[in-house]
Number of protein chains: 2
Amino acid sequence: MARPNRTKVALLGFLSWGPMSGYDVRKLIDGSISNFWSESYGRIYPMLAQLVDEGLASVEKTESDGGRPRNIYSLTDAGRSALREWTEDPTAPSQLPRDERLLKLFFSAGVPPETTIELIERFVVELKETQEHYAQIRAQLEAAKDAPLDQRYWLMTLRYGETQREAELAWCEEVLAELRAMASD
Amino acid sequence: MARPNRTKVALLGFLSWGPMSGYDVRKLIDGSISNFWSESYGRIYPMLAQLVDEGLASVEKTESDGGRPRNIYSLTDAGRSALREWTEDPTAPSQLPRDERLLKLFFSAGVPPETTIELIERFVVELKETQEHYAQIRAQLEAAKDAPLDQRYWLMTLRYGETQREAELAWCEEVLAELRAMASD
DNA sequence: ATTTCCATGTAATGAGTTACATGATTGC
DNA sequence: GCAATCATGTAACTCATTACATGGAAAT
């Protein structure tokens, strides 16, 4: 696990909560870390198979217990220690950001300010929707009274998103004021 | 240009400033938008060839004007209107964020708070380095007195990064306070 | 009846990094 | 003479999304 694949560690993390299916993982992600993470089925299912190949997880096929057969994955000891190894490492790769909205803004001198105002106003709408989404995540995370220690960490990650979105909204107001002044010249 | 490739529009944008080589583009990026964008040679050179294929740019090989021959690319009219089409469109795809540091924090209940404190402290160091980098970019952008309209947009994008990093630093202080309280229990 | 949700998976496609190969020129 | 910089490009690899295919069960 020199530089483990990101999907891999995400799956190890969720499986550490208990045995579950790929479908379950996806739903858990949507309800907890969609704030800063996403996974597609196209990655989840192949990666689960890979975890089994590598001995980090085991799979049990539940045949006909009512619904359609499901594949339930559990961490092995090797999986648990791989997860531990990753969480204990205090480094994180700095990701190269690529923000298409900012790229557009950067090259906007050639279009009328009104166009750029709309670009930013759409961003504001999106940000407010995101904030509402965060409120739902917050409700879900705060409901987990049975895992108080985990919960504190979860709320830290949520708080990160909340403060970032707030700062973005403040920036939007600043930029909109400038653009509107430019438009009225 | 339904959903143009991101590298493509970035190249169109820089070429709109005047004819230049792939090498030049890379250096310009580093000095202006490394704040929120990056391109590797492995993308730049093939994409420049593709632009020529598509009639969006033309290339002129400068043979032996002193140094090693360079390939200088210029926008065609088609290239200019493709860029215009993109900048005039006030939409931007919302990118799915994947923050490995936050993922690690999310799953940190199983490791001692000291480990997580180090994770955040490293983040603080990185953020301060980034802020210094921004100061250099600011100096470069503010030096461009010959393009005052462009400059206003450039500074808006820079200001975005500055406010985001500030908010991150404030979040780090908050989280560090909580983690230190947890560590001293 | 039909839509929605559960559930798993594959194939096609795109995007992007990193490492490598090459070789000239400039500055020390 | 040697290192750094200029300059272009390719190949291998990784990573990830999207669309598609399949089909059962539950709800309306």
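See the structure shown above.
Residues numbered from 1 in each chain as written. Chains lettered and ligands numbered in written order. Predicted model: local features only at pLDDT ≥ 70, side-chain atom pairs only at ≥ 80, totals over all residues. Heavy atoms only, no water.

Draft legend 1. Layout of the interface of chain A and chain B. The interface is formed by 69 residues belonging to chain A together with 69 residues belonging to chain B. A combined buried area of about 7,300 Å² lies between chain A and chain B, and 61% of that area is made up of carbon and sulfur atoms. Three residues stand out in chain A for area buried against chain B, namely Arg98, Phe106 and Tyr153 of chain A, and they jointly supply 13% of the buried area on that side. Our count for the chain A to chain B interface comes out at 7 salt bridges. Of the charged contacts, one joins Glu100 of chain B and Arg6 of chain A as a salt bridge, the two residues approaching to 4.0 Å between their closest N and O atoms. The interface formed by chain A and chain B holds 28 residue pairs in polar contact (both at pLDDT 80 or more) in total. Put simply, the parts of the chain that give the side of chain A that touches chain B at least two residues each are α1 (6-15), α4 (77-88), α5 (100-106), α6 (113-143) and α7 (148-183) of chain A. Of the residues assigned to the side of chain A that touches chain B, the class counts are 33 nonpolar, 16 polar and 20 charged. (Contact = heavy atoms within 4.5 Å. Buried area = accessible area lost by both parts, 1.4 Å probe. Salt bridge = Lys/Arg side-chain N within 4 Å of Asp/Glu carboxyl O. Polar contact = N/O pair within 3.5 Å; in protein donor to acceptor, adjacent residues only side chain to side chain. Helix = DSSP H or I, 4+ residues; strand = E, 2+ residues; numbered from the N terminus. Nonpolar A, V, L, I, M, F, W, Y, C, P; charged D, E, K, R; others polar.)

Draft legend 2. Expanded view of the pattern of salt bridges. Under the criterion given, the structure shown has 30 salt bridges over all chains. Where Glu126 of chain A meets Arg101 of chain A, a salt bridge forms, and the shortest distance between an N and an O atom there is 3.4 Å. Here the residue Glu126 of chain A occupies a position in helix α6, and Arg101 of chain A occupies one in helix α5, the gap between them amounting to 25 residues. With a closest N to O distance of 4.0 Å, Asp77 of chain B and Arg80 of chain B form a salt bridge. Taken together, the positions of Asp77 of chain B and Arg80 of chain B, both in helix α4 (residues 77-88) and 3 residues apart, correspond to about one turn of that helix. Overall, Arg80 of chain B belongs to the partly exposed group, its relative accessible area being 43%. (Buried < 20%, exposed > 50% of the residue type's maximum accessible area, 1.4 Å probe, protein only.)

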